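This is what each chain is made of:
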Amino acid sequence: MGRAEAQDRGGRKWRNEEALLPAQESQRRDRTMAALGRQVLDWHRLIPLSWASILRQTPHFGEQKRATASLLRKLTTASSGGALKGLPHVQPRKYVQELECGTSLTQCLLEKQRAPVDGGSSEREELISSLLDMGFTDVHVQELLSIQPSPHPQQLLAIVSKLILLGVNPEPVCVALKKSPQLLKLPIMHMEKRSSYLRKLGIGEGKLKRVLHCCPEIFTMHQRDIDRIVKVLREKCLFTVQQVTEILHRCPYVLREDPGELEYKFQYAYFRMGVNHSDMVRTDFLQYSITKIRQRHTFLERLGRYQTPDKKGQTQIPNPLVKDILRVSEAEFLSKTAYSTAEEFEVFKKLLAREEEEESESHMSGDKSTSEEEEEEEEDEDKDEDEDED
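So, here is what we can say about the structure in this document.

Considering the packing of helix α11 (residues 205–214) against helix α13 (residues 241–250)
A packed helix pair is summarised by two numbers, namely the angle formed by the two axes and the spacing between the axes.
Working step 1: Axis separation between α11 and α13 bottoms out at 8 Å; the angle between their running directions is 45 degrees. Of the possible angle classes, the one that applies to α11 and α13 is oblique. Here α11 contributes Lys-207, Arg-210 and Val-211 to the contact with α13, which in turn contributes Thr-245, Glu-246, Leu-248, His-249 and Arg-250.
Working step 2: Grouping the amino acids of the contact of α11 with α13 by side-chain chemistry returns 2 nonpolar, 2 polar and 4 charged.

Take a look at the structure:
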């Protein structure tokens, strides 16, 4: 009886311990989840960073994005109640070491990736960070870094910074440097002198963007070549100072032209077509080639649809506007201005080219005959002088 009671008491004791097991297991699980929750919060405090900060501090853009995205997915899973796979929740020493790695997760990742990197790559990373701070996109940065021959990072940064300070936006800067890599070889002092010279011409921060986009060599060409163009516009063509500024801004391609050809283009427009100064500026007349101007103007003349104005500026028929002659495509010019066909215009262009070739040959022969006559006159004068001496 006593033994049975003991056994019974033992049985009851065993049953009581079995009844307590679920409660103890639940408490232990709650403590584990609480510790895990504190760990997740600590990890979240370690990542107050953005994609931009990661991109600006490492050249391994693709690897960095994938690594950080993977890490963020793990953290998101943990914060949603899932398991923290790959995170050091069972390795407290490693967790403490990673906490001491720095106040930013980016620093930890960069230290791991930059361990085998040399000093040149560090300069490259600083360049990338500075370009992104200026407003360049990732695509622009890659295009700038791919320019050949590759400039030194400091030189590239100095030239880009100077252009940004002059009021040129990142995209036009990128386009200009790709068009004219010689800009990256210029000393900063030269850039400053040239920008000061352009400001005197009226091409300041607001107008430099278009000029640089159309004619990036404005910084590399000799200043005397720019002076010659400006001199022709002011002294030969008699444009005002303000009109010269507008021409350089609206038609920067004139900077590439030969001064003599530019003067001839103006004379053709003024005397043959009757276009005045203000109309030339307003319609960007000087940006078109003399070949295109002569072809379309002469074609309209032969069709009887254009007349050279008289001294009073009057014509017997209304001439079409300059914009309807030059600022339209060839198809629109033929259909809406000349009222002719493409076949007729092609035949006319061939005939006109033949006429111009014959004219140039006649001029050459005329110049040759003139020079021969001058030589004969000189010989006659020499003979007369010899006879007088005798």
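Structural notes on the nonpolar core
Working step 1: Leu-177, Phe-219 and Phe-239 are the most contacted members of the largest nonpolar core, which has 72 residues in total.
Working step 2: The biggest single contributor to this core is helix α12 (residues 223–236), with 5 residues.
Working step 3: Beyond its immediate stretch of four places on either side in the chain, Phe-219 contacts Leu-163, Leu-166, Leu-183, Leu-186, His-190, Met-191, Arg-194, Ser-195, Leu-198, Leu-208 and Leu-212.

Let's talk about the pattern of salt bridges
Working step 1: For the coordinates displayed, the defined rule picks out 14 salt bridges.
Working step 2: Linking Lys-265 and Glu-257 is a salt bridge whose minimum nitrogen-to-oxygen distance equals 2.6 Å. With respect to class, Lys-265 is no different from Glu-257; both count as buried.
Working step 3: Glu-355 is the salt-bridge partner of Arg-302, the closest N and O atoms lying 3.2 Å from each other. Taken as a pair, Arg-302 in helix α16 (residues 290–302) and Glu-355 in helix α19 (residues 342–389) lie far apart in primary sequence, 53 residues in all.
Working step 4: Among the residues examined, Glu-355 registers a relative accessible area of 30% and is labelled partly exposed.

What counts, and at which threshold
Residues numbered from 1 in each chain as written. Predicted model: local features only at pLDDT ≥ 70, side-chain atom pairs only at ≥ 80, totals over all residues. Heavy atoms only, no water. Axes fitted to C-alpha atoms, helices over the stretch in contact; angles between N-to-C directions. Helix = DSSP H or I, 4+ residues; strand = E, 2+ residues; numbered from the N terminus. Parallel < 35°, antiparallel > 145°, perpendicular 65-115°, else oblique. Contact = heavy atoms within 4.5 Å. Nonpolar A, V, L, I, M, F, W, Y, C, P; charged D, E, K, R; others polar. Core = buried A, V, L, I, M, F, W, Y, C linked by side-chain atoms within 4.5 Å. Buried < 20%, exposed > 50% of the residue type's maximum accessible area, 1.4 Å probe, protein only. Salt bridge = Lys/Arg side-chain N within 4 Å of Asp/Glu carboxyl O.

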